[in-house]
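Here's the letter readout for the chains.
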Amino acid sequence: MLKQFRVKNYKNFKDEICLDFGNTAGYQFSSDCIYEGLISKMLIYGRNATGKTNLGKALTDICVTMFNTPRFVNNGVFLNADSHEDAAVFSYEFIFDGQTLLYQYARFSDMELQWEKLAVNGETIFYCDFDLKQFNFEHLKSIEAETANIARYTQSLEEGEEAGNLDEPRLPFLRWLISNVA
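Because the structure is predicted, anything quoted here is derived from the model rather than measured.

A.B. asks: Can you break down the pairing of strand E7 (residues 112-120) residue by residue, with the values?
C.D. replies: Two faces, one strand: in a regular strand the side chains alternate between the faces of the sheet. Burial runs high along E7: seven of the nine residues are buried. Here strand E6 (residues 99-109) pairs with E7 via eight bridges, running antiparallel. If you follow alanine 106 over to E7, its bridge partner there is tryptophan 115. Counting the residues between successive antiparallel strands, the hairpin from E6 to E7 contains two residues. Direction of pairing for E7 relative to strand E8 (residues 123-129): antiparallel, over a ladder of six bridges. Considered in E8, the bridge of tryptophan 115 is made with aspartate 129. Turn length for the E7-E8 hairpin, with the two strands adjacent in sequence and antiparallel, is two residues, and the turn residue asparagine 121 shows positive phi of about 50°.

Written out as structure tokens, the structure is:
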């Protein structure tokens, strides 16, 4: 289950915001909203034009990243207009069978990843910096993915850049890993 979500520099969220589904204070009156110590049902409300839709889009951005699902209609605005940073950062912390999985990535735009990182119980499993072309896959064995053909993955990135593929110039490694390892 999703325990915590953070986003920074995305649309109207210049500063980092955090949805902490583990902070159950105030939910005593509605215990059906709590499942395994996490908030399972939440209502977001507010005035018009305060970012409710953008928060929903940010929260579901992982679906587009992981499964290449269609994005909402793109209006060309992705990064916060007041920020001096060049990427939006997304962070998803999950709890699975008592283990903490942290998946983070940064995007220059809705189509271009800057970097991505996966950590399990505080150990970095992989880190890919697509902008600097630096990759660290040293701990794939920790998730029983040591048979992954890393050379094929990095080759696919180079081929995509050479072809000028605008649809998915930087295939997320986690999506590739899920599709290519038993």
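A.B. asks: Explain the environment of leucine 157 to me, and be specific about the residues and the numbers.
C.D. replies: Along the polypeptide, leucine 157 turns up in helix H3 (residues 150-163). The exposure class of leucine 157 is buried, given its relative accessible area of 7%. Sequence separation between leucine 157 and phenylalanine 130 is 27 residues; the distance between their C-alpha atoms is 8.9 Å. Apart from residues lying up to four places away in sequence, leucine 157 is in contact with Phe130, Phe135, Arg170 and Leu171.

A.B. asks: Give a description of the pattern of salt bridges that names residues and reports values.
C.D. replies: When their charged atoms lie close together, side chains carrying opposite charge are able to pair. Following the criterion strictly, the structure yields four salt bridges and no others. Across the pair arginine 6 and glutamate 16 runs a salt bridge, and its minimum N-O distance is 2.8 Å. Here glutamate 16 lies in the loop between strand E1 (2-8) and strand E2 (17-20) and arginine 6 lies in strand E1, a separation of 10 residues in the sequence. Under the relative-accessibility criterion, glutamate 16 is labelled partly exposed at 47%.

A.B. asks: Tell me what's going on with unusual backbone geometry, and back it up with residues and numbers.
C.D. replies: The backbone of asparagine 121 shows a phi angle near 50°, a positive value even though the residue is not glycine. If you check the backbone angles, lysine 133 has positive phi at about 55° while not being a glycine. Tracing the chain through its elements places lysine 133 in the loop between E8 and strand E9 (134-136).

A.B. asks: Go over the pairing of E6, please, and point to the residues and values.
C.D. replies: With nine bridges joining them, strand E5 (residues 88-96) and E6 adopt antiparallel strand pairing. Bridging from a neighbouring strand, phenylalanine 96 pairs with glutamine 99 of E6. Counted along the chain from E5 to the antiparallel partner E6, the turn is two residues long, and its residue aspartate 97 has a positive phi close to 50°.

A.B. asks: A description of the packing of aromatic side chains should follow, citing residues and the corresponding values.
C.D. replies: Tallying each qualifying case throughout the model produces 18 aromatic pairs. Judged by centre distance (4.9 Å) and plane angle (70°), the rings of tyrosine 153 and phenylalanine 173 are edge-to-face. Linking tyrosine 153 in helix H3 with phenylalanine 173 in helix H4 (residues 173-180), this pair joins segments that are 20 residues apart in sequence. Residue classification places tyrosine 153 among the buried positions, given a relative accessible area of 0%. Clustering of aromatic rings is evident, with ring pairs tying together Phe5, Tyr10, Phe78, Phe90, Tyr92, Phe94, Phe96, Tyr103 and Tyr105.

A.B. asks: Can you tell me about helix H1 (residues 52-59), naming the residues and giving the values?
C.D. replies: Within the sequence span of H1, burial applies to Asn54, Leu55, Lys57 and Ala58. Down the axis of H1, the buried side of the element spans an arc of 160°, and every buried residue falls inside it. Buried residues in H1 make contact with E1, E2, helix H2 (61-67) and E5.

Here is what the cut-offs are and how they apply
- Residues numbered from 1 in each chain as written.
- Predicted model: local features only at pLDDT ≥ 70, side-chain atom pairs only at ≥ 80, totals over all residues.
- Heavy atoms only, no water.
- Buried < 20%, exposed > 50% of the residue type's maximum accessible area, 1.4 Å probe, protein only.
- Helix = DSSP H or I, 4+ residues; strand = E, 2+ residues; numbered from the N terminus.
- Pairing = 2+ DSSP bridges.
- Contact = heavy atoms within 4.5 Å.
- Salt bridge = Lys/Arg side-chain N within 4 Å of Asp/Glu carboxyl O.
- Phe/Tyr/Trp six-rings, centres within 6.5 Å; stacked < 30°, edge-to-face > 60°.
- Arc of directions from axis to C-beta.

Keep in mind these numbers describe shape, not what the thing actually does.
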